[in-house]
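# Observations on the three-dimensional arrangement
Given next are the chains, with one letter for each unit.
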Amino acid sequence: MTDTIHFETEDSIAVIVIDNPPVNTGSWSVRKGLLDAVERFAQDDALTAAVIIGKDKNFISGSDLKEFGKPIALPELPQVIEAIEKCPKPIIAAISGATLGGGYELALGCDARLAAQNTLVGLPEVTLGMLPGAGGTQRLPRLIGIGPSIQVICSGKRIKAPEALKLGMVDAIAEGDLRPFAIEYAKTAVKNPLSEKSVAKDESAELDAIVKKALKAGKHRPQVQESIRLIKSTAEVDFATALAEERKVFQKLRVGEEAFALRHLFFAETNAKKVINLKEATTKAIQNVVIVGAGTMGTGIAIAALKAGFNVTVYDQSKSILVQCKSKIDAIYEKDIAAGRIKSEDRDMQLAHLELADHESAFENADLIIEAIFENLAVKQNLIKQIESISRPSTIIASNTSYIDLDEIAEVSIRPENIVGIHFFNPANIMRLVEVIHGNNTSQEVIATAFSFVQKLGKLPIICKNAFGFIGNRIYAAYRYQCELMLEEGALPHQIDQAIESFGFNMGPFAVGDLSGLDIAWNMRKANAAQRNPEARYVEIPDRLCEVQRFGRKTGAGYYNYANGIAEVDPIVTDIILKGSEAKGIERKEFSPEQIIERVLLTMANEAALLLAEGVTLRMNDIDLVMINGFGFPKWEGGPAYWGAKQETLALQQKLHELAKVTGVGFNQGDLTIFKYLTKSA
Ligand code: NAI
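First things first, this report covers the structure right here in the doc. (Residues numbered from 1 in each chain as written. Predicted model: local features only at pLDDT ≥ 70, side-chain atom pairs only at ≥ 80, totals over all residues. Heavy atoms only, no water.)

### Topic: the overall build of the protein
Going by this rule: Helix numbers and strand numbers start at the N terminus; a helix is a DSSP run of H or I with at least 4 residues, a strand a run of E with at least 2. Note that the radius of gyration is over C-alpha atoms, with the globule rule given as 2.2 Å times the number of residues to the power 0.38. Only protein chains enter the accessibility calculation, which uses a 1.4 Å probe; a residue is then buried when its area is under 20% of its type maximum, exposed when over 50%, and partly exposed in between. Contacts are assigned to residue pairs with any non-hydrogen atoms lying within 4.5 Å of each other. In these tables, accessible area is a Shrake-Rupley quantity obtained with a 1.4 Å probe, and a residue counts as shielded only by the protein chains included in the view. Within this scheme the basic residues Lys and Arg register as positive and the acidic residues Asp and Glu register as negative, but His and the chain ends are omitted. Charged side chains are reduced to one point each, which is NZ for Lys, CZ for Arg, CG for Asp and CD for Glu.
Helix and strand content of the protein: 28 helices and 19 strands. Over its C-alpha trace the protein gives a radius of gyration of 28 Å, about what one expects of a compact globule, namely 26 Å for 682 residues. With the principal axes as the frame, the protein shows a C-alpha extent of 90 × 60 × 50 Å. When burial is assessed residue by residue, the protein has 55% of its 682 residues classed as buried. In the protein, 73% of the contacts between residues at least 6 apart in sequence involve partners at least 24 apart. A total accessible area of about 30000 Å² is found for the protein, and carbon and sulfur atoms account for 54% of it. When the 75 basic and 86 acidic side-chain charges of the protein are each reduced to a single mean position, those positions are 1 Å apart.

Right, here's the structure in full:
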């Protein structure tokens, strides 16, 4: 037996305890220990049944992903499960806490599954670029049917005990303590291996609909397609053959590019949560949150804070906007209720903590004030002065600004240590990403508090230093600029958008521009015209569109024409673009989708390298998390810094050099070797 498995007995029952802190992953020592324990149990005639149980919260939270990038040491999980199934005496899985992936597959290999109230089951392998490779695609359909198995496996969702019971994924839920309940159950249990059950063929239209939905939600990724094929095969192929096929596909996916990229993101996110050790950091207590500005962002932030249980006051200078804000909040809650995401009594409870205020006395009792007012330095500075004249000295003031220099905002503050950036993304009640911005004077305590607050909202805080556009908008701006240059050099909006969408982004930059409105950027360009380097390439095409009131979807036309309700290529735009090239004397050339994608990735990687070199962030993983969670970078590609690190550096640097030449004055060329250096030192 290994250190992580304890073999205990109670009367005639063996209790095999998994003890692999901190989260009970199914690493080698657990697999080896379990195999030994099953053998010992099988050979002991005094024992009639066995219970496998986790020592603390979790049964097995999942397989140990660190083992997945290289050959897996024996015994592998299927061997352990086979031993459980072949054991002539019943073995019961007493599952609790996270019982995911390999953990739940182990439970599927047992003769019954009993759950504690806190249990979460699921097979999330597809979200990591793989599929359940220890019988999950074969045993689950034998337990709950083909359609529900496709839904569970292809979504990778985590299912709470009551729903798992309804679905049949567990046999019973213990009212009280799991261990005595399972031991009692084991005393009369019988052998019941799922591998011996058969599955009825399903050719219903309902199944077709489930498959279609799963493929769409899973973006037709190979692991989703393979999961569906394997699950369906349970009705046609014998268990042993299908099991071997599942393992073969799993082994291939496990070491595929996509799985490596998704594991990179899994660890990036795990590490991002630990950037500040909240157990040791000093933080301020936050309960009363005031949001200033009841517009698009203020409304979303208010909902996020209400859902996390804060007392929320929304303040705006305009009473009518406050009224609109309340109806938007009500409508969003109503939608959540209709979709079963929240119960009406919980909605009522949360809304009881909402106040709308059109008077500055709202600032008096605030622990945290988040400003989401107009994007204008003077307006924001005035607000800071106004707040500080009323609020308590300890109150933290956070700005949601996208582009304004946080330190300039803080210049008027009498307590700049309390000023921080908390940059949400639209829609703020949905988007997980939040950049937490460290100004020159922001105190550690305030940063830690902002970080902890964002985590309490259930979101992903990424800390960075104050800089133009922070991480995400800075990279996005560079990328959009290169796409505009490509317009001038020979590509058309739909060619660029299609190339970028085929790479995996939900939308290309021109479709995004049309959706958010081209006038916002136009106004910014006009306001900043004096600061522009006259030597740098400036693409006038977007200005030409705005001059003829083509502001995007809201005006029925932008880069595309929306007269028929869908985006259509518009000859007027093509004409504007051709004239734009002509006016500059640029000879247009063809761009292949590969050339477009390479230029985009190179630009993003370059900007990422610059951000690291400038110390805006010290962690390349954070850049990947920002672009994936805030800007739709396809997660199976791992992010722009991950991409940069994977390339052959010299060749990449050479291509970047070419890009610098084409872009001309103003192009800031980074040193892409920084990715290799950081990867090695991580
Ligand atoms: P918005 O125009 O929808 O809302 C701004 C609100 O602030 C309005 O309701 C206005 O009445 C109120 N307001 C203006 N000055 C005020 C003052 N002195 N006191 C009280 N209320 C005042 O603007 P939006 O889009 O919500 O943006 C707000 C901030 O969030 C801006 O700094 C923007 O750059 C930033 N941001 C916007 C994003 C977006 O996608 N809209 C994304 C991330 C950040």
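### Quick word on the sheet that holds strand 12 (residues 288-292)
By definition, the strands of a sheet pair up through backbone hydrogen bonds, in either a parallel or an antiparallel sense. Quick note on the threshold: Strand pairing requires that DSSP identify at least two bridges connecting the strands. Here an axis means a line fitted to C-alpha atoms, over the contact stretch when the element is a helix, while the angle between two N-to-C directions is reported on a 0 to 180 degree scale.
Here eight strands make up an open sheet; going across it, the order is 14-13-12-15-16-17-18-19 and the pairing mixed. The sheet is open, and its two borders are formed by strand 14 (354-357) and strand 19 (460-465), each paired with just one other strand. Here the strands of the sheet are splayed against their neighbours by 25 degrees on average, with no regard to which way each runs. With four bridges joining them, strand 15 (residues 368-371) and strand 16 (residues 396-399) adopt parallel strand pairing. Bridge pairing in strand 16 places Ile-369 opposite Ile-397. Its contacts with the sheet put helix 13 (residues 319-338) on strand 13 (311-315) and strand 14, and the angle it makes with strand 14 is roughly 160 degrees. Where helix 17 (residues 444-456) meets the sheet, it contacts strand 12, strand 15, strand 16, strand 17 (419-424), strand 18 (433-438) and strand 19, and its direction lies at approximately 175 degrees from that of strand 18.

### Digging into the side chain of Asp-624
With respect to the secondary-structure elements, Asp-624 resides in helix 25 (residues 620-631). Apart from residues no more than four positions distant in its own chain, Asp-624 is found in contact with His-264, Leu-265, Gly-638, Gly-639, Pro-640, Ala-641 and Tyr-642.

### Some remarks on the packing of helix 18 (residues 472-489) against helix 27 (residues 649-663)
Stated precisely, the cut-off is as follows: Working rule for angles: under 35 degrees goes down as roughly parallel, over 145 as roughly antiparallel, 65 to 115 as roughly perpendicular, anything else as oblique. Handedness of a crossing is defined here by the sense of rotation of the near helix relative to the far one, left-handed for an anticlockwise turn of less than a right angle and right-handed for a clockwise turn. Here the nonpolar group is Ala, Val, Leu, Ile, Met, Phe, Trp, Tyr, Cys and Pro; Asp, Glu, Lys and Arg are the charged ones; every other residue, Gly included, is treated as polar.
For the pair helix 18 and helix 27, interaxial distance at closest approach is 12 Å and the crossing angle is 65 degrees. Classed by the angle they form, the pair helix 18 and helix 27 counts as roughly perpendicular. Crossing geometry of helix 18 relative to helix 27 is assigned as left-handed. Between helix 18, through Tyr-481, Gln-482, Leu-485 and Glu-489, and helix 27, the contact on the second element is made entirely by Leu-659, Val-662 and Thr-663. The class makeup of the residues in the contact of helix 18 with helix 27 is four nonpolar, two polar and one charged.

### Let's talk about the site of the ligand
Stated precisely, the cut-off is as follows: A cutoff of 4 Å decides nearness: a residue is near a molecule or strand if any of its heavy atoms lies inside that distance of it. Counting of polar contacts relies on pairs of N or O atoms within 3.5 Å, with two restrictions inside protein: one atom must be capable of donating a hydrogen and the other of accepting it, and residues adjacent in sequence are counted only when both atoms are side-chain atoms.
Around the ligand lies a shell of 21 residues, among which Met-297, Asp-316, Glu-375, Lys-380 and Asn-400 are the nearest. Side-chain polar atom of Glu-375 to an oxygen atom of the ligand: 2.6 Å apart, as the coordinates give it. The contact in question runs from an oxygen atom of the ligand to an N or O atom on the side chain of Lys-380, over 2.7 Å. Notes on the ligand: free accessible area 830 Å², of which the protein chains cover 80%. Put simply, the parts of the chain that give the shell around the ligand at least two residues each are helix 12 (296-307) and strand 17. The class makeup of the residues in the shell around the ligand is nine nonpolar, nine polar and three charged.

### So, the nonpolar core
Nonpolar side chains tend toward joint burial in soluble globular proteins. The following threshold applies: Take the buried residues of types Ala, Val, Leu, Ile, Met, Phe, Trp, Tyr and Cys, join any two whose side-chain atoms come within 4.5 Å, and each joined set is a nonpolar core.
Ranked by internal contacts, the top residues of the largest apolar core, which has 91 residues, are Ile-496 and Phe-675. Broken down by element, the residue count for this core peaks at 11 residues, all from helix 24 (residues 593-613). Among residues more than four places away in sequence, those in contact with Phe-675 are Ala-605, Ala-608, Ala-609, Leu-612, Met-620, Ala-641, Gly-644 and Ala-645. Counting residues in each nonpolar core, the second largest holds 53 residues, with Ile-18, Phe-41, Val-152 and Ile-153 among its members.

### So, the packing of aromatic side chains
Applicable threshold: Only Phe, Tyr and Trp rings are paired, with Trp represented by its six-membered ring, and only when their centres lie within 6.5 Å; those with planes under 30 degrees apart are stacked, over 60 edge-to-face, the remainder tilted.
If you walk through the whole model with that rule in mind, you get 14 aromatic pairs. Seen from their ring centres, Phe-425 and Phe-631 are 5.4 Å apart, and the 80 degrees between their planes marks the pair as edge-to-face. Here Phe-631 lies in helix 25 and Phe-425 lies in the loop between strand 17 and strand 18, a separation of 206 residues in the sequence. Ring pairing ties together the aromatic residues Phe-425, Tyr-476, Tyr-479, Phe-503, Phe-505, Phe-631 and Phe-633, which thus form one cluster.

### Overview of the pairing of strand 16
On a regular strand, one side chain projects to one face of the sheet and the next to the other, so that they alternate. The condition that has to hold: With the strands aimed away from the viewer, a crossover counts as right-handed if its path from the first strand over the helix to the second runs clockwise.
Side-chain alternation along strand 16 places Ile-396 and Ala-398 on one buried face and Ile-397 and Ser-399 on a second face that is also buried. Remark: the strand 15/helix 15 (residues 377-388)/strand 16 crossover connection has right-handed handedness. Note that strand 16 and strand 17 share three bridges and pair parallel. Considered in strand 17, the bridge of Ala-398 is made with Val-420.

### A short note on the sheet that holds strand 2 (residues 13-18)
What the six strands build is an open sheet, ordered 1-2-4-6-8-11; its pairing is mixed. In this open sheet, the two strands that pair with only one neighbour each are strand 1 (5-10) and strand 11 (172-173). Here strand 2 pairs with strand 4 (residues 49-54) via six bridges, running parallel. Following the sheet pairing, Val-17 is matched in strand 4 by Ile-53. Strand contacts of helix 1 (residues 28-43): strand 1, strand 2, strand 4 and strand 6 (91-95), with the helix running at about 30 degrees to strand 1, the strand carrying the most contacts.

### Points about the pattern of salt bridges
The test is simple: Definition used for salt bridges: Asp or Glu carboxyl oxygen within 4 Å of a side-chain nitrogen of Lys or Arg.
Tallied over the full model, the rule gives 42 salt bridges. Here Arg-537 makes a salt bridge to Glu-489, at a shortest N to O gap of 2.9 Å. Placement of the pair is Arg-537 in the loop between helix 21 (518-527) and helix 22 (541-547) and Glu-489 in helix 18, with a sequence separation of 48 residues. One salt-bridge network, in which partners are shared between bridges, spans Glu-488, Glu-489, Arg-537, Lys-584 and Arg-599.

### Details of a negative patch on the surface
Under the convention used in this document: Like charges within 9 Å and nonpolar side chains (Val, Leu, Ile, Met, Phe, Trp, Tyr) within 5 Å are joined into patches, using only residues over 30% in relative accessible area that form no salt bridge.
Taken together, the side chains of Asp-202, Glu-203, Glu-206 and Asp-208 present a region of like negative charge at the surface. Among the structural elements, Asp-208 can be located in helix 8 (residues 205-217).

### Here's the deal with the environment of Lys-212
Here Lys-212 lies in helix 8. Sequence separation between Lys-212 and Phe-7 is 205 residues, and the spatial gap between their C-alpha atoms is 46 Å.

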